[in-house]
Amino acid sequence: MGIVVENVGKKYGDFVALDDVSLNVRDGSLTALLGPSGGGKSTLLRVIAGLEEPDTGTVVIDGEDATGVPARKRGVGFVFQHYAPFKHMTVRDNVAFGLKIRKREKAEIDERVRELLELVHLEGFAHRYPSQLSGGQRQRMALARALAVKPKVLLLDEPFGALDATVRKELRAWLRRLHDEMNVTTVFVTHDQEEAMEVAEQIVVLNHGAIEQVGAPQDLYDRPANDFVMHFIGPVAPLGKRWLRPHDLDILLEPEPGASEATVQHVLHLGFEVRVEVKVEGGEETWVQTTRDRARELELADGQQVWLRPAHDPVLEPEAAA
Amino acid sequence: MIALIPLSAVVLKSTDRGWDSFWNAVSSPQAWAALRLTLIASVVVVIVNAIVGTVIAWVLVRDEFRGKSVMNSIIDLPFALPTIVAGLTLLALYGPRGPFGLDVAYTRFAVVLALLFVTLPFVVRAVQPVLLELDQEVEQAAESLGASKWVTFRRIILPALYPAIIAGSGLAFARAVGEFGSLVLITGNLPFKTEAASVFIFSQVESDNVTGAAAVSVVLLLIAFVVLLGFGWLSRKVVRDEG
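Residue positions are given per chain, counted from 1 along the sequence in the order it is written. Here the convention is simple: chains get letters from A, ligands get numbers from 1, in the order in which they are written. Per-residue local features of the predicted model are confined to residues with pLDDT of at least 70, and side-chain atom pairs are confined, for both listing and counting, to 80 or more; whole-chain, interface and lining totals are unaffected and use all residues. Excluded from the side-chain calculation are hydrogens and water; included are all heavy atoms of the structure.

### Some words on the overall build of chain B
Along its length, chain B carries twelve helices and zero strands. Labels follow the DSSP assignment, with helices taken as runs of H or I lasting at least four residues and strands as runs of E lasting at least two, numbered in each case from the N terminus. The order of α-helices and β-strands along chain B, N terminus first, is α-α-α-α-α-α-α-α-α-α-α-α. Seen through its C-alpha atoms, chain B measures out along the principal axes to roughly 70 × 45 × 30 Å. Looking at chain B as a whole, 42% of its 243 residues qualify as buried. Burial classes: relative accessible area under 20% of the type maximum marks a residue as buried, over 50% as exposed, and values in between as partly exposed (1.4 Å probe, protein chains only).

So this is what it looks like as C-alpha cells:
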C-alpha cells in the first residue's frame, strides 16, 4: 500500500531529471521530498500524480499499477505551488468541482463542501472568488479542493513556497495536524530543510535526479549518508579534515590532548544561540554554536585563546563522499 | 469629441427635411432589405467568427506545426489589405472564373464570405493573448480532479476566454456592419438581394439623395451602438457571473 516508485527515469533532452529512482512511501505517512531546485523532486511528484510520464520505471499507488494511467483516474489529490485556482469560480465551486464532474447529488456535494471548508477554516468564504483571498487562504482552498474527491494520496508541490514567513510557520503546523486527522498518504516537495524536518515523518533527499538518502528527520541530521546530505540538512563546521555540526564542538579554555588550538574572531549573540567564529591554528576558519549560558560561563571575548574538541565522534569523514 | 462631432452631423443631416422624409427613407423597401441583409449577415459572421476564431487561436497557441509563424502572420492579412483588394481577391477566387469552380459571386453567401474574410482577425487576436496567459497548471488541476479534456475545456478554459471572445465578437460585428470595400465587387450590389446597407448608402449618395443616405446611416449607427452596448453588458455579466 502507499506509494511504490520503482526505477523511474525521466529525461528532458539531455537533462536527466530523474535517474533510476526507487522509493517506498508507507500508507498513511507524511513524506517530504527535499532537495535543491533542479534536483528532480517536483518531477518525481508529478510522475506520481501522472502529470508527467516517466521514460522508464513504474509507479504503484495503493497496490495498483498506476504507470500509464491518466492523472484523472489515479485518485490523486494535487496541490500546485501557485494553487492553480479556478479564478472564475467561487471558493465553494472550486472545492465542489471534483464532486460536480462526478455527478454527485447536490445535497451530498453541499455537505461535503461545508465539511471541507470547515476543515480548512474557510467557512465564511464560500462565496468569495479566489482573487478576494489571501495567499494562505488560497492555499487552503486548493487543499480542500484536492481533498474533496477523497484521494488515495495527497501530493503538494512546494505548498508553502509562495507564502510569507509567518503564514508559512502557521500552515506547517496546521498541515501536520490535518494529516494526523485525515490519515491520507501525503507527499510534499520542499527545498527548505527546516520545513521538511518540522513537518515530515520521512524525508527523501533528492539531488541531481537521484535519491541521496531516505530517513526520519533525526536520522538524516545525525547520520547523513554523505557529504551532500550533511550539508543540506543542517549547518556544518569544518575541523581538521572533518565536518561537524557546529553545536558538536566544545570550546575549552585549557589545552587537552586531541583538542585544536584556536583564536576567537568574533562572538555573535543571537538570543538563546551564540555563534562563535574562530580561526584554528593553521588558518582554518570555523564556527561553534553554543548557548548563551555556556558563552557567559566561558567569558568569551574577541581575540581570546581557546581549544576546540569534537563533542563526540564525527558524523562524517569529508573524504567519504566529497 | 472626435467621434461625436461627425456623428451628430450625420444625425442632423438625416432629419434636415423633417422626420417624415427620414422615416420614408428608412422604411423604403430597398433600404429595409439592405439593413436586414447587413444585420443578418453580421450576426452570422459574428457567430462563425466566435467559434472559428477561437479554434484558430487555440491551434496557433497550443499546437506545434510547420509554418505556424507564417500562418500567424497570415491571420492579420485582412487588416493589412485595402478592403477593395480583399473584394478583388475573393472575386478572383470565388467568382465566375475562380480556380475552385465555386461561383458565389452576386449571392448572399458572397456577402457573408466577404464579411468573414475582413473580420477574421478580431476574435483570433482577442483570444490568442488570453490563451497564452492561461496557467497550464489550472488545467492540470482540473485533470487531477478527474476532469476529461472536454470537461476541462468547457468548464475551465472556455469561461476564461469568454470576455475575450465577446470583446473580439463585438469588434467583428461593428466592422461587419460598416464594411463596404470588400462587398462592392463580389456581391454585385443587387437591390433586395445582395445590397448591404453600406453599399445602399453609397448608391443613395451617388444618386444625390444625401438625406436618405444619412437616414440609413443613422439607423446603422444605432444598431451598431445598441449591439456594442449589448456586448459590453454581456461581457460585464460574464465577468460578474464567472468571477
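### Some points on the sheet that holds strand 6 (residues 76-79) of chain A
Residue and element names in this part refer to chain A. Strand order in the open sheet formed by six strands is 6-7-8-3-9-10, with mixed pairing between adjacent strands. With one partner strand each, in any of the chains shown, strand 6 and strand 10 (210-215) form the two edges of the open sheet. Strand-to-strand, the axes of this sheet are offset by a mean angle of 15°, without reference to chain direction. Across five bridges, strand 9 (residues 202-207) lies against strand 10 in antiparallel orientation. By the bridge assignment, Leu206 is partnered in strand 10 with Ile211. The sheet contacts of helix 1 (residues 41-49) involve strand 3 (30-34), strand 6, strand 7 (153-157), strand 8 (185-190) and strand 9, and relative to strand 7 the element is tilted by about 150°. In this scheme, strands are said to pair when DSSP sees at least two bridges between them. Axis definition: a line fitted to C-alpha atoms, over the contacting stretch in the case of helices. Angles run 0 to 180 degrees between N-to-C directions. Residues are treated as being in contact if the distance between any of their heavy atoms lies within 4.5 Å.

### Quick look at the pattern of salt bridges
Residue and element names in this part refer to chain A. Salt bridges are counted wherever a side-chain nitrogen of Lys or Arg sits within 4 Å of a carboxyl oxygen of Asp or Glu. Here the structure, examined in full by the defined rule, presents 26 salt bridges over all chains. Linking Asp192 and Arg168 is a salt bridge whose minimum nitrogen-to-oxygen distance equals 3.8 Å. Here Asp192, found in the loop between strand 8 and helix 6 (193-199), pairs with Arg168, found in helix 5 (residues 165-182); they are 24 residues apart in sequence, far enough to count as distant. Residue Asp192 is classed as buried on the basis of its relative accessible area of 18%. The salt bridge involving Arg172 is made with Glu195; its shortest N-O contact spans 3.4 Å. Separated by 23 residues along the polypeptide, Arg172 in helix 5 and Glu195 in helix 6 bring together distant segments of the chain. Each member of the pair, Arg172 as well as Glu195, is classed as buried. If you follow the salt bridges from partner to partner, you end up with Arg168, Lys169, Arg172, Asp192, Glu194, Glu195 and Glu198 in one network.

### Re a nonpolar patch on the surface
All names here are of chain B. Taken together, Met1, Leu4, Ile5, Leu7, Val11 and Leu221 make up a surface patch of nonpolar side chains, about 570 Å² in accessible area. Per-element accounting of the nonpolar patch gives the leading share, four residues, to helix 1 (residues 4-14). By secondary structure assignment, the location of Ile5 is in helix 1. Relative accessible area serves as the criterion here: at 56%, Ile5 is assigned to the exposed category. Patch construction takes residues with relative accessible area above 30% that form no salt bridge. Like charges are linked within 9 Å, and nonpolar side chains (Val, Leu, Ile, Met, Phe, Trp, Tyr) are linked within 5 Å. Methods summary: accessible areas were calculated by the Shrake-Rupley approach with a probe of 1.4 Å, and residue burial reflects only the protein chains presented.

### Let's talk about the interface of chain B and chain A
Reports often express the size of an interface as the amount of accessible area lost when the parts come together. Tallying the contact residues gives 19 residues for chain B and 24 residues for chain A. By buried area we mean the combined loss of accessible area, with a 1.4 Å probe, across both parts when two parts are placed together. Between chain B and chain A, a total of about 1,900 Å² is buried, with carbon and sulfur atoms accounting for 61% of that surface. When the buried surface of chain B facing chain A is broken down by residue, B:Ser144, B:Leu145 and B:Arg155 rank first, second and third, together holding 33% of it. The interface formed by chain B and chain A contains zero salt bridges. We call two N or O atoms a polar contact when they sit within 3.5 Å, provided that within protein one can donate a hydrogen and the other can accept it, with sequence-adjacent residues counted only if both atoms are side-chain atoms. Summed over the shared surface of chain B and chain A, the number is three residue pairs in polar contact (both at pLDDT 80 or more). Looking at the side of chain B that touches chain A, the elements that each hand over two or more residues are helix 8 (136-144), helix 9 (149-178) and helix 12 (210-242) of chain B. Sort the elements by how many residues they give to the side of chain B that touches chain A and helix 8 of chain B lands first, with seven residues. All residues other than Ala, Val, Leu, Ile, Met, Phe, Trp, Tyr, Cys, Pro, Asp, Glu, Lys and Arg, Gly among them, are scored as polar; the first ten of these are nonpolar and the last four charged. The class makeup of the residues in the side of chain B that touches chain A is eight nonpolar, five polar and six charged.

### A closer look at the packing of helix 3 (residues 29-62) of chain B against helix 11 (residues 197-206) of chain B
All names here are of chain B. Where helix 3 contacts helix 11, the axes come no closer than 7 Å and their chain directions differ by 145°. From helix 3, Gln30, Ala31, Ala34, Leu35 and Thr38 reach across to helix 11, where they touch Ala197, Ser198 and Phe200. Partitioned by chemical class, the residues of the contact of helix 3 with helix 11 number five nonpolar, three polar and no charged.

### Observations concerning the nonpolar core
Grouped together as the largest cluster of nonpolar side chains are 45 residues, with contacts concentrated most on A:Val95, A:Leu143, A:Leu154 and A:Ile203. Looking at this core element by element, the count peaks at six residues for helix 4 (residues 135-147) of chain A. With residues near it in sequence (within four places) discarded, A:Leu154 still touches A:Gly77, A:Val79, A:Leu143, A:Ala146, A:Leu147, A:Val184, A:Thr185, A:Thr186 and A:Val187. Formed by 40 residues, the second largest nonpolar core is a distinct cluster that contains A:Ile3, A:Leu18, A:Leu206 and B:Val138. Residues belong to a common nonpolar core when they are buried Ala, Val, Leu, Ile, Met, Phe, Trp, Tyr or Cys residues joined through side-chain atoms within 4.5 Å.

### Describing the sheet that holds strand 16 (residues 285-291) of chain A
All names here are of chain A. The strand order across the open sheet built from five strands is 13-17-14-15-16, with neighbouring strands paired in antiparallel fashion. Two strands close off the open sheet at either side, each with one partner strand: strand 13 (249-252) and strand 16. Each neighbouring strand pair of the sheet contributes to a mean axis angle of 45°, computed without reference to strand direction. By the bridge criterion, four bridges tie strand 14 (residues 260-270) to strand 17 (residues 305-310) in an arrangement that is antiparallel. When the bridges of strand 17 are listed, Ser260 appears paired with Leu308.

These values are about where atoms sit, not about what they do.
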